[in-house]
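# Architecture at a glance
Residue-level listing of the chains:
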Amino acid sequence: MTLRPAWKLAAAAAVIAAAVGAFFWMNPPNAASAAGRPTGPSPAWQGRGMAQTSEAVAIDLLEREVVLSLPRTTLPPSAVKDVRVDLGPLKAHEMRGATWYEAELPFPIPERTRFGDGGLTLSVDGEPFTFTIADPFGAAPGSWRVLEGKLAIFASKAPKKAVMERPGASRDVARLEPGMSGLEDGAYAPYRLTLKAQTRPGLLLPAPASATWQGVSVPAGGHFRAFAALALATGHVSDGATFVVELVAAGAAPVEVHRTTVEGKGERYVAIDADLGAYAGQTVDLVVRTEAGATTDADWAFLGTPVIDGTPNGRLRRILVVGLDTTKPDHFGINGYTKPTTTELDAWAEDAVIFDRAWTSAPRTRPSFRAATTGRLPLDAVCAPPIAEAFHDAGFATAGIVANIHLNPHFGFDAGSDLWWLDGKALVDDQVERALRWLDVNQNRDVFLFVHVMDPHIFYRAPDAFVEAFTKDLPPLPKDQELPKFFNRWQVLKWDRAGELTDLQKQHIAALYDAELAFTSQQLRRLLDAFERPEHDNLVIVHNDHGEELWEHGGFEHNHTLYNDVTAGLLWVKPPGGSGRQGVRSLYPATLQDIAPTAYAFAGLTATPPTDGVSLLPVIRGETSDAWDRPIPIGHLQYDADRWGVVLDDMKYVVLTGSGKEELYDLARDPAERDNLAGRTDTARFQRALAEAHKMDVGPGWRVSVQAQPGATLEVTLPEQALAAGVIDPEHITRKPANQEWGEVPKALPADVGTVTLSTDGRTLQFTAGAQGRGVLWVRFDGDVAAPGTVVRGGGGVTSEADASGVVKVGGDTMTFAPGVVVVPPASEWTRMQACMGQGETSDETVCQLCSLGYLNGPTCAGCGGGAKKLEPDAAHPD
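Residues numbered from 1 in each chain as written. Predicted model: local features only at pLDDT ≥ 70, side-chain atom pairs only at ≥ 80, totals over all residues. Heavy atoms only, no water.

### Things to note about the overall build of the protein
Across its full length, the protein carries 17 helices and 46 strands. Looking at the 879 residues of the protein, the share that counts as buried comes to 58%. By element, 51% of the accessible surface of the protein is carried by carbon and sulfur atoms, the whole surface being about 33,900 Å². (Helix = DSSP H or I, 4+ residues; strand = E, 2+ residues; numbered from the N terminus. Buried < 20%, exposed > 50% of the residue type's maximum accessible area, 1.4 Å probe, protein only. Areas by Shrake-Rupley, 256 points an atom, 1.4 Å probe, with all protein chains shown as cover.)

### Brief notes about the sheet that holds strand β8 (residues 127–131)
With mixed pairing, the eight strands of this open sheet are ordered in space as β4-β11-β7-β8-β9-β10-β6-β5. The outermost strands of the open sheet, each flanked by one partner alone, are β4 (84–86) and β5 (91–95). Each neighbouring strand pair of the sheet contributes to a mean axis angle of 35 degrees, computed without reference to strand direction. (Pairing = 2+ DSSP bridges. Axes fitted to C-alpha atoms, helices over the stretch in contact; angles between N-to-C directions.)

### Regarding the pattern of salt bridges
Side chains that differ in charge, positive against negative, can pair when their charged atoms come close. According to the stated counting rule, one finds 40 salt bridges in the structure shown. Residues Asp-273 and Arg-225 are paired through a salt bridge, measuring 3.1 Å at the closest nitrogen-oxygen approach. Of this pair, Asp-273 sits in strand β18 (residues 270–275) while Arg-225 sits in strand β15 (residues 223–230), and the two are 48 residues apart along the sequence. Classification of Asp-273 by relative accessible area gives partly exposed; the value is 39%. As a salt-bridge pair, Glu-246 and Arg-289 come within 3.0 Å of each other at their nearest N and O atoms. Of this pair, Glu-246 sits in strand β16 (residues 241–249) while Arg-289 is found in strand β19 (residues 283–292), placing the two residues 43 residues apart along the sequence. Exposure remark for Arg-289: the relative accessible area of 24% places this residue in the partly exposed category. (Salt bridge = Lys/Arg side-chain N within 4 Å of Asp/Glu carboxyl O.)

### Comments concerning the pairing of strand β9 (residues 143–147)
Most of β9 is tucked away, with five of its five residues classed as buried. Burial of the side chains of β9 extends over both faces: Ser-143, Arg-145 and Leu-147 are buried on one face and Trp-144 and Val-146 on the other. For β8 and β9, the ladder comprises two bridges, and the chain directions are parallel. Bridged to Thr-130 within β9 is Ser-143. Here β9 pairs with strand β10 (residues 150–154) via five bridges, running antiparallel. Residue pairing across strands places Val-146 opposite Leu-151, the latter belonging to β10. Counted along the chain from β9 to the antiparallel partner β10, the turn is two residues long, and its residue Glu-148 has a positive phi close to 50 degrees.

### Overview of the packing of helix α7 (residues 428–441) against helix α10 (residues 503–531)
Close contact between α7 and α10 brings their axes to 9 Å; oriented N to C, the two are set at 10 degrees. The pairing of α7 with α10 is recorded here as roughly parallel in orientation. Together, Val-428, Asp-429, Val-432, Glu-433, Ala-435, Leu-436 and Leu-439 of α7 and Phe-519, Thr-520, Gln-523, Leu-524, Arg-526, Leu-527, Ala-530 and Phe-531 of α10 make up the contact between the two elements. When the residues that make up the contact of α7 with α10 are grouped by side-chain class, the tally is ten nonpolar, two polar and three charged. (Parallel < 35°, antiparallel > 145°, perpendicular 65-115°, else oblique. Contact = heavy atoms within 4.5 Å. Nonpolar A, V, L, I, M, F, W, Y, C, P; charged D, E, K, R; others polar.)

### Side note on the packing of aromatic side chains
If you walk through the whole model with that rule in mind, you get 23 aromatic pairs. Ring centres of Phe-131 and Trp-144 lie 5.1 Å apart, and the angle between their planes is 80 degrees; this geometry places the pair in the edge-to-face category. Of this pair, Phe-131 sits in strand β8 while Trp-144 sits in strand β9, and the two are 13 residues apart along the sequence. Residue Phe-131 is classed as partly exposed on the basis of its relative accessible area, which comes to 23%. Looking at Trp-144, the relative accessible area reads 1%, which means it is buried. The ring of Phe-227 carries the charged tip of Arg-200 above its face, separated from the ring centre by 3.6 Å. Directly above the aromatic system of Phe-531 lies the positively charged group of Arg-318, at a separation of 4.5 Å from the ring centroid. (Phe/Tyr/Trp six-rings, centres within 6.5 Å; stacked < 30°, edge-to-face > 60°. Lys NZ or Arg CZ within 6 Å of the ring centre and 35° of its normal.)

### What to know about the nonpolar core
If you look at the biggest cluster of nonpolar residues, it comprises 55 residues, and the most contacted ones within it are Leu-320, Leu-449, Tyr-460, Leu-524, Phe-556 and Trp-572. Among the elements that make up this core, the one with the highest residue count is α10 (13 residues). Judged by nonpolar contacts, the second largest core, of 49 residues, contains Ala-209, Tyr-269, Leu-303 and Ile-308. (Core = buried A, V, L, I, M, F, W, Y, C linked by side-chain atoms within 4.5 Å.)

### Overview of the sheet that holds strand β40 (residues 754–758)
Spatially, the five strands line up as an open sheet ordered β40-β41-β38-β43-β44, and their pairing is antiparallel. At either margin of the open sheet sits one strand with a lone partner, and together these are β40 and β44 (799–801). Taken pair by pair, the neighbouring strands of this sheet meet at an average axis angle of 20 degrees, ignoring direction. Across three bridges, strand β38 (residues 713–717) lies against strand β43 (residues 791–793) in antiparallel orientation. What sits directly across from Glu-715, in β43, is Arg-793.

### Quick notes on the state of the cysteines
Working definition: the covalent bond between the sulfur atoms of two cysteines is a disulfide. The final tally for this structure, using the stated rule, is one disulfide. A sulfur-sulfur separation of 1.8 Å characterises the disulfide bridge that pairs Cys-383 with Cys-836. Looking down the S-S bond of the Cys-383 and Cys-836 bridge, the torsion is 75 degrees, so its handedness is right-handed. Remark: Cys-836 occurs in helix α16 (residues 829–836) and Cys-383 occurs in the loop between α5 (365–374) and α6 (387–393); sequence separation between them is 453 residues. (Disulfide = S-S within 2.5 Å.)

### Here's the deal with the pairing of strand β14 (residues 209–217)
Within a regular strand, side chains alternate between the sheet's two faces. Note that strand β3 (residues 66–69) and β14 share three bridges and pair antiparallel. Looking at the pairing, Leu-68 lines up with Ala-211 of β14. Where β14 meets β19, seven bridges bridge the pair, whose relative direction is antiparallel. Residue pairing in the sheet places Val-216 in a bridge with Val-284 of β19.

### Notes on the packing of helix α8 (residues 464–471) against α10
Helix packing geometry: the angle between the two helix axes and the distance between the axes. Orientation of α8 relative to α10, taken along the N-to-C sense of each, is 130 degrees, at an axis distance of 8 Å. Here α8 lies oblique to α10, going by the angle between them. The two elements α8 and α10 cross, and the hand of that crossing is right-handed. The segment α8 lies against α10, with Phe-466, Val-467, Phe-470 and Thr-471 engaging His-508, Ala-511, Leu-512, Asp-514, Ala-515, Ala-518, Phe-519 and Gln-522. In terms of residue class, the contact of α8 with α10 is built from eight nonpolar, three polar and one charged. (Left-handed = near helix turned anticlockwise from the far one by under 90°.)

### Some details on α8
Those residues of α8 not exposed but buried are Phe-466, Phe-470 and Thr-471. Down the axis of α8, the sector holding all buried residues measures 120 degrees, keeping them to one side. Facing away from the buried side of α8, by more than 90 degrees, are the exposed residues Asp-464 and Ala-465. Taken together, the buried residues of α8 touch α10. (Arc of directions from axis to C-beta.)

### Examining α5
Within α5, ten of the ten residues are buried, which leaves it mostly tucked inside the rest of the structure. The complete set of buried residues in α5 reads Thr-365, Arg-366, Pro-367, Ser-368, Phe-369, Arg-370, Ala-371, Ala-372, Thr-373 and Thr-374. Tucked inside the fold, the buried residues of α5 contact β21 (317–324), α6, β26 (447–453), β27 (537–544), α12 (595–603) and α16. Of the residues one or two after α5, Gly-375 is the one with positive phi, at around 85 degrees.

Function-wise, these values are silent; they only describe arrangement.
Listed below in structure tokens is the structure:
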């Protein structure tokens, strides 16, 4: 079977020290003040650009036509399993006044896989029961879940018969079985395998099988490189497989040039490096064969990222993007911070271009990195191709080495990467070593490498020497106030809310954060120095995803506000050869969406996906004046009232979705964001900028709080024509919405509130209450509209008018009309994920890491065995 390369692999942390910086980043020593903005280009970088034509010699075999020979079956007889089981008698389980019915699980299913049913269906006495993650003491009848390794069925009466099915079982087996899969060889073989946190694209070649690439021109210094593994399946055991690399010259017999065996239970990648130098200049057929062990049972051999590289013809293009998690720009020495947190990075940045007015897309990881890795707004970034994909298509070797669980293949971050290495335990020294090893393997290729560092994020566990350096000048904590050796975000928040956290403890916590920055700085400098090889064209971009609040506004951590404490952006660009001078700082407003188009422009790529950012190359070259009226979007909060913001002309404007409260800060005059100007400033201009920046509807209107009996219908005669109306998703007006992207279920959906219908003339609004009937509606008008006097008609034709406070009661139903700025958030990340990729699966280890970090809680985290401690770094930092 011939496989043509048309397929694309689908994606599946008010401290005294903080005041010292006083948001110095907004007005660094050599940056112009707002009153003295430059009117033309700054002195320009005139260095060498990056060659548009690659001088690397590399053949990506996954992009070449391949002839496949696959077996019809490698299944052991034991692979055929029941997919429908009668559970038989069920045992009643009573605890704390609740009753459920237990049974042994008929199929192996991890308790937290997918936060869902694991592909199982259950019928009880002929009626379908639904999966739930609800607390067993509050689960509704007619549902089931996995609880402490057993099946828990919640029924209003004792079940007589329960049947469980696993419809997906046969499909799962078939997918790993060439002859039974129903797929042609060319559709079966492309595969993306994750082993030991490393995800790679490649080909499934179940032994015995072969892949032949015909007519390959072997370059000088040629090497065939790949990664061999076994795609292990639960319940099936292989006795290993051997990978054989052969070359066939014209008219000659096959010559074996490499052989390696992968153990059946190895669960790891084995590097293949076959020297083809003896065949330089020849055109050959390259064959990779897989040989079975004593049996063929479950020998699902996987060949990852097969490539031939050779000696480069000249300069290589090398791009490194470093993403710093939870990093505060105002704690950098180069931005005026007086403690030695970032000595090494500050020195490195002396000949980089520093964007002093940069903002992150969100005060949390996933949306910010979605923007940084695609160039799209965070929501439009869902299922958008990452930067790596464009560089991969241009012949670059691509990799992502990351340490935040949110940068998961589950969300498609790995698309386009030859290697995506996600290790939630990794420290910065781990990341640096892995990056250096990958660069060494790919030293003959153009490279695009993304390295993510998690260390500044809480747990604040820098090596002791760094902790000592930042705490030695602080008074020691009294014995009864000593901080635990290991603490998490929710513990600090709990101590703070209870008034149990002293100023001295806060200073010690801030010192622990600074120690993490210092460790990060020291280790990253090793990578940066090693990367910048003068014989090649090197581009380095360093950025953060968000900052960390250390009580500047009375709070701690991140993801609670949109203040600059957590949204100030770190964005440095070092062009090939460096900036050529010291202290280059740009006042151009920038954001994470600019990273992708900037990288594309430097590399000369033109066949690139659309972006929502702009290339910063013209700014760096001095070809563009500072665009002060460029709106920079900020939003995507998770752990407080939903709000959306925009920065325009050094003014930050924020609107809360649920209340309509407005905030407006003059960042040049009030960088600490203390003086809210919204109540004494016309905000219409900023409303328009907010709408433009986020691609959503923003403007004057009403929020309508409703409390109605389920099924009730209320008809509102509007005083003026409305432009649009709807229900605000309850998730947008709760301070702790469900983490739907990880499978948590919301307590209420818009349909539970009800439905809204607007008449064609926009003068009548009809609300039909849902199962809860309580929530908030929105109505958009073309201008300000007063609410008192608005007529509402209820059941039986009873009508009533809104009083001076906007309240109207009709029978037992109430509506409260509140005029103000209305924000209509765009479709959620979860909605977009469902539309383009479905839910996917989440491993037990991932769930426990999320629970450890506080992103998930409740019954979802049952069985994680102490939670956070599972994430303590291993002393040896294993791969």
